[in-house]
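# Understanding the architecture of this molecule
Here's the letter readout for the chains.
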Amino acid sequence: MATVHLRIGDLVWGKLGRYPPWPGKIVSPPKDLKKPRGKKCHFVKFFGTEDHAWIKVEQLKPYHAHKEEMIKINKGKRFQQAVDAVEDFLKKLKGKEQNSEGKGDSKGKKTPKKPLKILDEDDEDLSALRDPSEKPASSMEPISKRLKIIEEDTASTSIQAADSTAINGSVTPTDKRIGFLGLGLMGSGIVSNLLKMGHVVTVWNRTAEKCDLFIQEGARLGRTPAEVASMCDITFSCVSDPKAARDLVLGPSGVLQGIRPGKCYVEMSTVDPETITELSQVITSRGGRFLEAPVAGSQQLSNDGMLVILAAGDRTVYEDCSSCFQAMGKTSFFLGEAGNAARMMLILNMVQGSFMATIAEGLTLAQATGQSQQTFLDILCQGQMASTFVDQKCQNILQGNFKPDYYLKHIQKDLRLAISMGDMANHPTPMAAAANEVYKRAKALDQSDNDISAVYRAYIH
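Residues numbered from 1 in each chain as written. Predicted model: local features only at pLDDT ≥ 70, side-chain atom pairs only at ≥ 80, totals over all residues. Heavy atoms only, no water.

With that settled, consider the state of the cysteines. Across all of its chains, the model carries 0 disulfides by this definition. With no disulfide of its own, Cys381 has Cys394 as its nearest cysteine by sulfur position, at a separation of 6.5 Å. (Disulfide = S-S within 2.5 Å.)

Structural data, given as structure tokens:
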């Protein structure tokens, strides 16, 4: 196969890791951003986003030659918007070129035609693709200096970080050593993005074989949770439930044995506030610093670096984790004292779980009354409830595809914890209680390890 030579200004399709090819343009990197050693790559600015990254030459294809191929294999609203942005960009360039050709000198001679130049990132035509109301930010500016503080009437403070995706080359990795415990559906994507953004990561998982892929990608291996905590400055954990979270800290060779003064522990699992309080107390009793940071999202969003991170606890740990949160998520919020993030996450998952059960109920009722399920979905996706979540989950149901993106057993666990939280606050949760019964029915039908959309099967058995 002939070698394709690319240079600055060329439009390309760039592929990074597990992500689909995306339209972009080769640009000059910032002066303070070094090229990865030993790798032949180009610095690419991606259309339809504020993202840019070093991409290996073998992961780049010329835009025009592969346009039809990429459009056929890639779908989605954001992808189409990115392609539209490229086409609009090219139209503007063509119009500018034609205008310049039409202008002659004082003697009526036309200006000689110059080679088509695809403008650099800072040129006028590309800047026109951005939202005019958006102020440009330094691509290398730390996230801690790009935070929007929102004061609420409750006197609590939430902090929303600037959007960032896993292909955001502007992430400057912290020089702190990062540990990560738990390589499940969510943890795997998080660790992959941490590594891609240049973080030094030591991993551990109960099933050791899951670590192999990440070792190949540059991670280090920790033999026990205690060893990881003792080796690293900041240790994250992401496991399935409160019991697993407690065992990881308090069990044999657990995190607590590796905690020393100044060490940071970040609990990313979705658990109840009481578990968070207990873990916070035992970590700080050893001189450690504690932050809870559960994530809202799915396996796909984890892979894409588009999680929403809810943090609470030690504010200085939150700031120390800024580059990590940029690599793994699009937005992060700081919600105050430890326990607040757990409460907020349980409420969010309670709503999501109840909503998914209602959507499944609607699909089965449509079928039972002789209505087309596909037409029901088409109508739904044209109305006010239209969302990527609704479209993807319903399409999966209609195709019989229940490959887990978020385990059904986990959403049922979150519903149960949310109902318990409502009991403690003496607040009714009748909708969540009804949805919980449907998920329990689905679990009884062996749907625990399927996606949450498999709650549909509780209605048809």
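Once you've had a look at it, read on.
Before going further, it helps to examine the packing of helix α15 (residues 408-424) against helix α16 (residues 430-444). The geometry of a pair of packed helices is captured by two quantities: the angle between their axes and the separation between those axes. The N-to-C vectors of α15 and α16 enclose an angle of 150°; their axes lie 9 Å apart at closest approach. Here α15 and α16 pass one another in a crossing that is left-handed. Taken together, the residues of α16 that come into contact with α15 (itself represented by Leu408, Ile411, Gln412, Leu415, Arg416 and Ile419) are Ala432, Ala433, Ala435, Asn436, Tyr439, Lys440, Ala442 and Lys443. Counted by class, the contact of α15 with α16 contains 9 nonpolar, 2 polar and 3 charged residues. (Axes fitted to C-alpha atoms, helices over the stretch in contact; angles between N-to-C directions. Helix = DSSP H or I, 4+ residues; strand = E, 2+ residues; numbered from the N terminus. Left-handed = near helix turned anticlockwise from the far one by under 90°. Contact = heavy atoms within 4.5 Å. Nonpolar A, V, L, I, M, F, W, Y, C, P; charged D, E, K, R; others polar.)

Moving on to helix α14 (residues 388-399). Compared with an ideal rise of 1.5 Å per residue, which puts 12 residues at 16 Å, α14 spans 16 Å between its outermost C-alpha atoms and is within 8% of the ideal. Those residues of α14 not exposed but buried are Val390, Lys393, Cys394 and Ile397. Along the axis of α14, the buried residues cluster in a sector spanning 95°; they form a single face. In α14, the exposed positions angled more than 90 degrees off the buried face are occupied by Thr388 and Gln399. Taken together, the buried residues of α14 touch α12 (340-368) and α13 (373-380). (Expected span 1.5 Å × (residues − 1). Buried < 20%, exposed > 50% of the residue type's maximum accessible area, 1.4 Å probe, protein only. Arc of directions from axis to C-beta.)

Despite not being glycine, Ser253 shows a phi value in the positive range, around 55°. Within the element layout of this structure, Ser253 appears in the loop between α7 (242-250) and β12 (264-267). Accessibility expressed as a relative area gives 32% for Ser253, which makes it partly exposed. One non-glycine residue, Asp446, lies in the positive phi region at around 65°. By secondary structure assignment, the location of Asp446 is in the segment after α16.

Viewed as axis vectors pointing N to C, α12 and α15 meet at an angle of 120°, and their least axial separation amounts to 8 Å. Considered as vectors, α12 and α15 are oriented oblique to each other. In the packing of α12 onto α15, the handedness of the crossing is left-handed. On the side of α12, the interface is formed by Arg343, Leu346, Ile347, Asn349, Met350, Gln352, Gly353 and Ser354, while α15 contributes Ile411, Asp414, Leu415, Leu417, Ala418 and Met421. (Parallel < 35°, antiparallel > 145°, perpendicular 65-115°, else oblique.)

How two aromatic rings sit relative to each other is set out by the distance from centre to centre and by the angle between their planes. Tallied over the entire structure, the rule returns 11 aromatic pairs. Relative to Phe79, the ring of Trp13 lies with its centre 6.0 Å away and its plane at 25°, an arrangement referred to as stacked. Of this pair, Trp13 sits in strand β1 (residues 11-14) while Phe79 sits in helix α2 (residues 77-102), placing them 66 residues apart in sequence. Grouping residues by exposure puts Trp13 and Phe79 together as buried. Seen in terms of ring centroids, Phe236 and Phe325 are 6.3 Å apart; in terms of plane orientation they differ by 70°. Their pairing is edge-to-face. Of this pair, Phe236 sits in strand β11 (residues 234-237) while Phe325 sits in helix α11 (residues 322-328), placing them 89 residues apart in sequence. Neither residue differs from the other here; Phe236 and Phe325 are each classed as buried. An aromatic cluster of three or more residues is present, and its members are Phe180, Phe236, Tyr318, Phe325 and Phe334. The ring of Phe334 is capped by Arg315, whose NZ or CZ atom sits 5.2 Å from the centre of that ring. The cationic tip of Lys409 hangs over the ring face of Tyr407; the distance from NZ or CZ to the ring centre is 5.1 Å. (Phe/Tyr/Trp six-rings, centres within 6.5 Å; stacked < 30°, edge-to-face > 60°. Lys NZ or Arg CZ within 6 Å of the ring centre and 35° of its normal.)

Looking now at the pairing of β12. Neither face of β12 is open: one carries Cys264 and Val266, the other Tyr265 and Glu267, and all of them are buried. Two elements, β11 and β12, share 4 bridges in a ladder whose sense is parallel. Each residue of the ladder has a partner; that of Ser237, found in β12, is Glu267. Traced from β11 through α7 to β12, the parallel crossover comes out right-handed. Taken together, the 4 bridges between β12 and strand β13 (residues 289-292) define a ladder with parallel strand orientation. Looking at the pairing, Glu267 lines up with Glu292 of β13. In this region the chain leaves β12, passes through helix α8 (residues 273-285) and returns to the parallel neighbour β13; the handedness of that crossover is right-handed. (Pairing = 2+ DSSP bridges. Right-handed = clockwise from strand over helix to strand, strands pointing away.)

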